[in-house]
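Structure at a glance
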Amino acid sequence: MESSKKDKKEKKKKEEESSEENENEKKSEDENEEEKEDERIFPKADKTLQKEIFSLITKASQLKQIKKGANEATKTLNRGISDLIIIAADAKPLEIVLHLPLLCEDKNVPYVFVESQKLLGRSCGVSRPVIAVSILNKTPENLKKTVDKLKDKIEQLLI
């Protein structure tokens, strides 16, 4: 009896160790996947540029000169009324926004990735996370100058 109890305990220990090893392997695979995603997220704005972008989005939102969401951003690109595209880098899965950079390059519209969907949503004035924002090209003159400055900074990231 005692030997069978010991055998059962040993088996449990071995199973626990093997499950821990499997979890560690899964974690390392997840980290590798995140690194792969980082390669696709280009150009990514740094902290200071993100602040400028979020303040521009807030101003444009108050003037009703933005479209929120990946579908709306795609529509504005196809219609030729988009001036700038901002994409959230933490979109899960990232594939749902990866068509936007391709469209932007075809239409010669600058685009940039920012860190967070939540921050992007807040700067748009909504309580929900927003995955992509399009700033329209029919903006007033005072906003147009800010958009042009940001375009230049984003183009410098590409170089």
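All values reported here derive from a predicted model rather than from experimental measurement.

Moving on: the overall build of the protein. Within the protein, the secondary structure is distributed over six helices and four strands. Of the regular secondary structure in the protein, the N- to C-terminal order runs α-α-β-α-β-α-β-α-β-α. When burial is assessed residue by residue, the protein has 38% of its 159 residues classed as buried. Considering only intrachain contacts with a sequence separation of at least 6, the fraction spanning at least 24 residues in the protein is 84%. Element-wise, carbon and sulfur atoms account for 47% of the exposed surface of the protein, whose accessible area totals about 10,600 Å².

In the contact formed by helix H2 (residues 47-62) and helix H6 (residues 141-158), the axes pass within 11 Å of each other and the chain directions differ by 150°. The pairing of H2 with H6 is recorded here as roughly antiparallel in orientation. For the pair H2 and H6, the sense of crossing is left-handed. The segment H2 lies against H6, with Leu49, Glu52, Ile53, Leu56, Lys59 and Ala60 engaging Leu143, Thr146, Val147, Leu150, Lys153, Ile154 and Leu157. Per-class residue counts for the contact of H2 with H6 are nine nonpolar, one polar and three charged.

This brings us to unusual backbone geometry. In this structure, the amide linkage connecting Phe42 to the following residue, Pro43, adopts the cis form with an omega of -5°. Even without a glycine there, the phi angle at Lys64 is positive, about 60°. You can see Lys64 is positioned in the loop between H2 and strand E1 (66-68). You will see that Asn108, though not glycine, has its phi angle at about 60°, which is positive. For Asn108, the position within the fold is in the loop between helix H4 (99-107) and strand E3 (111-114).

A separate point is helix H5 (residues 117-124). Listed in full, the buried residues belonging to H5 are Gln117, Leu120, Gly121, Ser123 and Cys124. All buried residues of H5 fall inside an arc of 165° around its axis, so they share one side. Residues Lys118 and Arg122 are exposed on H5 and point more than 90 degrees away from its buried face. Among the structural elements, H2, E1, strand E2 (82-88), E3 and strand E4 (132-136) are those in contact with the buried residues of H5. Structurally, the start of H5 carries an N-cap: the backbone nitrogen of Lys118 is 3.1 Å from a side-chain oxygen of Ser116. Gly125 occupies a position one or two residues after H5 and carries a positive phi of about 85°.

Conventions and cut-offs
Residues numbered from 1 in each chain as written. Predicted model: local features only at pLDDT ≥ 70, side-chain atom pairs only at ≥ 80, totals over all residues. Heavy atoms only, no water. Helix = DSSP H or I, 4+ residues; strand = E, 2+ residues; numbered from the N terminus. Buried < 20%, exposed > 50% of the residue type's maximum accessible area, 1.4 Å probe, protein only. Contact = heavy atoms within 4.5 Å. Areas by Shrake-Rupley, 256 points an atom, 1.4 Å probe, with all protein chains shown as cover. Axes fitted to C-alpha atoms, helices over the stretch in contact; angles between N-to-C directions. Parallel < 35°, antiparallel > 145°, perpendicular 65-115°, else oblique. Left-handed = near helix turned anticlockwise from the far one by under 90°. Nonpolar A, V, L, I, M, F, W, Y, C, P; charged D, E, K, R; others polar. Arc of directions from axis to C-beta. Polar contact = N/O pair within 3.5 Å; in protein donor to acceptor, adjacent residues only side chain to side chain.

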